[in-house]
Amino acid sequence: MVHTQSMSLTELHLALLLPGPRHGYEVKKEHDAWFPDAKPLAFGQVYATLGRLVRDGLAEVVETRTEGGPERTVYAVTDAGRQRLEEWLTEPAPPAGTGPEDIVRKTVVALRAARGEGAARQVVLRQRTAHLRRMRELQGLDGADTDVALHLARRHAVLHLDADLRWLDEAVDSLSRPANAPATPPDAPPAGAPELGPLEETR
Amino acid sequence: MNAPAVELVGVSHSYARTPALQHVSLSVVPGEVVAVTGPSGCGKSTLLHVAAGLLRPQEGRASLLGQDLHHLDETARAVLRRREVGIVLQYGQLVPDLPLLDNVALPLLLDGGDLAQSRTAAQEALERVGLQDAAQAVPAEVSGGQAQRAAVARALITSPRVLFADEPVASLDPAGARQVLGLLMSAARLGGAALVLVTHDNTVAALADREVRLRTGSIEHEAVLR
Ligand SMILES: Nc1ncnc2c1ncn2[C@@H]1O[C@H](COP(=O)(O)OP(=O)(O)OP(=O)(O)O)[C@@H](O)[C@H]1O
Ligand SMILES: [Mg+2]
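Residues numbered from 1 in each chain as written. Chains lettered and ligands numbered in written order. Predicted model: local features only at pLDDT ≥ 70, side-chain atom pairs only at ≥ 80, totals over all residues. Heavy atoms only, no water.

Some details on the coordination of the magnesium ion (ligand 2)
Inference 1: With distances of 2.0 to 2.2 Å, the protein atoms coordinating the magnesium ion (ligand 2) are B:S45 (OG) and B:Q90 (OE1). Here B:Q90 lies in the loop between β6 (85-88) and α3 (100-110) and B:S45 lies in helix α1 (residues 44-51), a separation of 45 residues in the sequence. (Donors = N, O, S within 2.8 Å, 3.2 Å for Na, K, Ca; no water. Helix = DSSP H or I, 4+ residues; strand = E, 2+ residues; numbered from the N terminus.)

Brief notes about the pairing of strand β3 (residues 33-37) of chain B
Residue and element names in this part refer to chain B.
Inference 1: Summarising burial for β3: five of the five residues are buried, a large majority.
Inference 2: Covered by surrounding structure in β3 are V33, A35 and T37 together with V34 and V36, the residues of both alternating faces.
Inference 3: Judged from the four bridges that link them, β3 and strand β8 (residues 194-198) form a sheet pairing that is parallel. Among the inter-strand pairings, A35 is bridged to a residue of β8, identified as L197. (Buried < 20%, exposed > 50% of the residue type's maximum accessible area, 1.4 Å probe, protein only. Pairing = 2+ DSSP bridges.)

Structural notes on a nonpolar patch on the surface
All names here are of chain A.
Inference 1: A surface patch of nonpolar side chains, amounting to about 270 Å² of accessible area, comprises Y25, F43 and Y47.
Inference 2: The topology assignment puts Y25 in helix α2 (residues 24-34).
Inference 3: The exposure class assigned to Y25 is partly exposed, which follows from its relative accessible area of 31%. (Patch = residues over 30% accessible without salt bridge, like charges linked within 9 Å, V, L, I, M, F, W, Y side chains within 5 Å. Areas by Shrake-Rupley, 256 points an atom, 1.4 Å probe, with all protein chains shown as cover. Salt bridge = Lys/Arg side-chain N within 4 Å of Asp/Glu carboxyl O.)

Let's talk about the interface of chain A and chain B
Inference 1: Every contact between the two is made by 25 residues of chain A and, on the other side, 23 residues of chain B.
Inference 2: Residue B:R213 is joined to A:D173 by a salt bridge in which the shortest nitrogen-to-oxygen separation is 3.1 Å.
Inference 3: On inspection of chain A and its partner chain B, the count reaches twelve residue pairs in polar contact (both at pLDDT 80 or more).
Inference 4: Classifying every residue of the side of chain A that touches chain B by side-chain character gives ten nonpolar, five polar and ten charged. (Contact = heavy atoms within 4.5 Å. Polar contact = N/O pair within 3.5 Å; in protein donor to acceptor, adjacent residues only side chain to side chain. Nonpolar A, V, L, I, M, F, W, Y, C, P; charged D, E, K, R; others polar.)

What about the pattern of salt bridges?
Residue and element names in this part refer to chain B.
Inference 1: Within this structure, the stated rule accounts for 25 salt bridges over all chains.
Inference 2: Residues D102 and R119 are paired through a salt bridge, measuring 2.8 Å at the closest nitrogen-oxygen approach. Taken together, the positions of D102 in helix α3 and R119 in helix α4 (residues 115-128) put the pair 17 residues apart, joining distant regions of the chain.
Inference 3: Given the relative accessible area of 11%, D102 is considered buried.

With respect to the UniProt feature "domain: Transcription regulator PadR N-terminal" (unreviewed entry) in chain A
Inference 1: Using the residue numbers shown here, the UniProt feature "domain: Transcription regulator PadR N-terminal" (unreviewed entry) corresponds to residues 14-87 of chain A.
Inference 2: Secondary structure across residues 14-87 of chain A divides into 50% helix and 23% strand, with the first and last C-alpha atoms of the span separated by 12 Å. (UniProt positions renumbered as here; feature names shortened; annotations may be inferred.)

Structural data, given as structure tokens:
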């Protein structure tokens, strides 16, 4: 999943209004087209954010359309909104990687919760598989050949997975393999589920 | 139909005193892509050399397309390799005195192919890897990445049923890597070749159907990625 969650919702919505006035449904659709690998925006989220933009003078309501269907409020970005977006674009995002993520937490828990290196090794190996599967999925998706924005968003996701995988590789190599342990069977976790199974020492 | 194209059973091998492979078994079916990964020195290249019939293991057996490599004499093994197998080695695989064009045409020429036809096929293969303008250069006159692309073109020229590639994109930039991997993958996906891809790069391993990870000569972990 490409994470847009950390992108400020305010600026994201301002950007989505930039091409021209839109109602909430159009904002959502445009977002989902810009970030097709991301979690789709929820309607509730969109309307709440647009409401907040109007309250703060960053957007305004320009008309209320009724096209046979439900009444729809059309929003446009204001000059203040444009300026805010400009400032946001100028400011570099804070570099990530400061707090422990789930993959680190799970490994540390496996090691510290007295289950030992064998258990941690299983956690790490299963996580590697889940990461590789997600990477395979992302690399197999169409559309990035012709759309540079999509290509870049996907490469970002792939390279982040790669950074995790390098850490996981180092972790596997530094965790000792139980004596005489057979190679792990080629089943690994069910598709897409980096789920922690029971943390037994040997399988 | 799903008989393995590549099979290793209980393979062990040591160089002098260094154990490089210990009790390794592996099979790859036609059309399947297997990535062999693991830290430097864990035995990836040795595994590939054994599987491709370039190295006879001290223990265990290796077969290609159902033929036990132990039971073939050197000539029969060479013919099998030349006709059915494409190999991209990690280092120094091109003939230094030959221009890239003839290096790529070599598998066809060794198999008695007509010179003009083989060169035409080689020129087309070079075009597919973006090397049409370097056809007359000898290996010492091209970059590492260009030599690597020529080696891939040579491995693919016979449309082999089995492909072995040892770090085939290690010296390529992302765009060049995509191009070369695209060719190798379509040989498997469209051409039905069994592809064994040795790599330390996870983004390359993630193209495979299965990952086999080695650690100090034995299989540490296998993961189905499909
Ligand atoms: N010809 C040789 N003579 C002696 N030792 C060798 C030879 N080839 C490989 N080795 C040793 O055998 C072990 C496995 O080597 P191999 O080349 O298969 O590793 P690898 O996984 O391919 O490493 P890399 O990722 O660096 O290419 C290493 O310890 C290596 O030093
Ligand atoms: Mg090697």
